[in-house]
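Observations on chain architecture
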Amino acid sequence: KTLLLKLPVLEGDKKTLTSRHSSSNPATSLSAASTIPPAMYTKMVNKEFRKLEVMLKLVGSPKELLIEMFRVQWDNSINTNTMASDFQTIMNLKGIPRNEQSSMLES
């Protein structure tokens, strides 16, 4: 997660280094570098990693507690329009057979 959050900064550093070698005035290229990634990028990375962390917790949980843990962990901050398909994806990752999945989806 930390590396992904630093990608825009690292890319900016790479461009700054390239422009320093081609520029005759190094003072203009030094001010172009930023050490803070864009806010929208940070928000998107955090949101996607939150979903990934919750999925990992659910995949590692016991099958008997999966429904209850899903309801607790999968809060409104994650897209609620795709809850059923997300729950089915988690059950697939856990290796739960299809016939058990349908009964778990109904409850």
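What counts and how
Residues numbered from 1 in each chain as written. Predicted model: local features only at pLDDT ≥ 70, side-chain atom pairs only at ≥ 80, totals over all residues. Heavy atoms only, no water. Core = buried A, V, L, I, M, F, W, Y, C linked by side-chain atoms within 4.5 Å. Buried < 20%, exposed > 50% of the residue type's maximum accessible area, 1.4 Å probe, protein only. Helix = DSSP H or I, 4+ residues; strand = E, 2+ residues; numbered from the N terminus. pLDDT = per-residue confidence, 0-100. Contact = heavy atoms within 4.5 Å.

With respect to the nonpolar core
With eleven residues, the main nonpolar core is built from V54, M55, L58, L66, F70, W74, F87, I90, M91, I96 and M104. Within the residue set of this core, elements represented by two or more residues are α3 (39–59), α4 (66–73) and α5 (83–94).

Here we look at the confidence of the model for the protein
In the predicted model, the protein carries a mean pLDDT of 77, and 71% of its residues have values of at least 70. Scored below 50 in pLDDT, residues 26–32 makes five contacts in the model with residues more than four places away or belonging to other chains.

Re the environment of D86
With respect to the helices, strands and loops of the structure, D86 is situated in helix α5. Given a relative accessible area of 10%, D86 falls into the buried group. It is 9.9 Å that separates the C-alpha atoms of D86 and F70, two residues lying 16 residues apart in sequence.

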